[in-house]
Amino acid sequence: MNKILYNIIDIFGFDTFQDFTTSMIHFKLLKITIPISISLGVLSTLLGFQTGTTIAFFIMVLFELISGLAASLHEKKKIESRKFSRFGFKLLTWLVLIGVINTFKNQYTGGILGWFISTTSSTIIGYVMFEYLLSIIENLERITGQEIPLKKYLNTIFKKLIG
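Calculation notes
Residues numbered from 1 in each chain as written. Predicted model: local features only at pLDDT ≥ 70, side-chain atom pairs only at ≥ 80, totals over all residues. Heavy atoms only, no water. Helix = DSSP H or I, 4+ residues; strand = E, 2+ residues; numbered from the N terminus. Salt bridge = Lys/Arg side-chain N within 4 Å of Asp/Glu carboxyl O. Buried < 20%, exposed > 50% of the residue type's maximum accessible area, 1.4 Å probe, protein only. Axes fitted to C-alpha atoms, helices over the stretch in contact; angles between N-to-C directions. Parallel < 35°, antiparallel > 145°, perpendicular 65-115°, else oblique. Left-handed = near helix turned anticlockwise from the far one by under 90°. Contact = heavy atoms within 4.5 Å. Nonpolar A, V, L, I, M, F, W, Y, C, P; charged D, E, K, R; others polar. Patch = residues over 30% accessible without salt bridge, like charges linked within 9 Å, V, L, I, M, F, W, Y side chains within 5 Å. Areas by Shrake-Rupley, 256 points an atom, 1.4 Å probe, with all protein chains shown as cover. Lys, Arg positive; Asp, Glu negative; His and termini not counted. Charge placed at Lys NZ, Arg CZ, Asp CG, Glu CD. Core = buried A, V, L, I, M, F, W, Y, C linked by side-chain atoms within 4.5 Å.

Caption draft 1: Representation of unusual backbone geometry within the structure. Backbone geometry places Lys76, a non-glycine residue, at a positive phi of 60°. Position of Lys76 among the secondary structure elements: in the loop between α4 (51-74) and α5 (81-107).

Caption draft 2: Representation of the pattern of salt bridges within the structure. All told, the structure shown has three salt bridges when counted by the stated rule. The shortest N-O distance in the salt bridge between Glu75 and Lys77 comes to 3.4 Å. Note on Lys77: relative accessible area 46%, which makes it partly exposed. Glu141 is the partner of Lys151 in a salt bridge, and the nearest nitrogen-oxygen pair spans 3.3 Å. One end of the pair, Lys151, is in helix α7 (residues 149-162); the other, Glu141, is in helix α6 (residues 111-144), and ten residues separate them in sequence. Judged by relative accessible area, Lys151 falls into the partly exposed class, the value being 23%. What makes Glu141 buried here is its relative accessible area of 14%. Salt bridges sharing common partners tie together Glu75, Lys77 and Arg142.

Caption draft 3: Region of interest: the packing of α6 against α7. Across the interface, α6 lies against α7 with an axial gap of 10 Å and an inter-helix angle of 150°. Relative to α7, the element α6 lies roughly antiparallel. Considering only the axes of α6 and α7, their crossing is left-handed. Facing α6, whose interface residues are Tyr127, Phe130, Leu133, Leu134, Ile137, Glu138 and Glu141, α7 presents Leu150, Lys151, Leu154, Asn155 and Phe158. Here the residues of the contact of α6 with α7 are counted per class, giving eight nonpolar, one polar and three charged.

Caption draft 4: Inspection of a positive patch on the surface at higher detail. A surface patch of positive charge is lined by Arg82, Lys83, Arg86 and Lys90. Counting through the fold element by element, Lys83 comes out in helix α5.

Caption draft 5: A look at the environment of Asn155. Secondary-structure assignment places Asn155 in helix α7. Exposure remark for Asn155: the relative accessible area of 24% places this residue in the partly exposed category. Along the sequence, Asn155 and Ile4 sit 151 residues apart, while their C-alpha atoms lie 63 Å from each other. In contact with Asn155, not counting residues within four places along its chain, are Phe130 and Leu134.

Caption draft 6: Up close: the nonpolar core. Residues Phe49, Phe57, Val61, Leu91, Ile98, Val128 and Tyr132 are the most contacted members of the largest nonpolar core, which totals 16 residues. Elements with a contribution of two residues or more to this core: α4, α5 and α6. For this core, the element with the most residues is α6, which contributes six residues. Look past the residues within four positions of Ile98 in its chain and what remains in contact with it is Leu47, Phe49, Ile124, Ile125 and Val128.

Pasting the structure below:
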């Protein structure tokens, strides 16, 4: 059995089994990859998102932060720690709200209450994503100095849904 394993490893260009395992598992990076993986798994579970959705959500949040910083730098506005605090507090509030609703959604899966909680969850998540998308567009408008038609279109849709 060992000979077969070593022959397979040799076919793919690895000198030894240890050479194969070190190319699969980068031991020097484990201090970074394990905490990130655990955090991503815990957050995905708490929020009720699939891992890809969690990553996409945080990419959007990060892009909103970076585009806001870039817009402020472009306008030569002072970057204040208070705005970072506001950003973090808003994000934390959204995450707690989504996590609480997800907990209820896991508890009540059927009937009218389950439907209501599921609908509320989808509405809040949709609203949060809409807010971050709109903020990104506004930041891009500040950077380019031009109106982006998507913003007007999204506001029209939102007003139709609300009004």
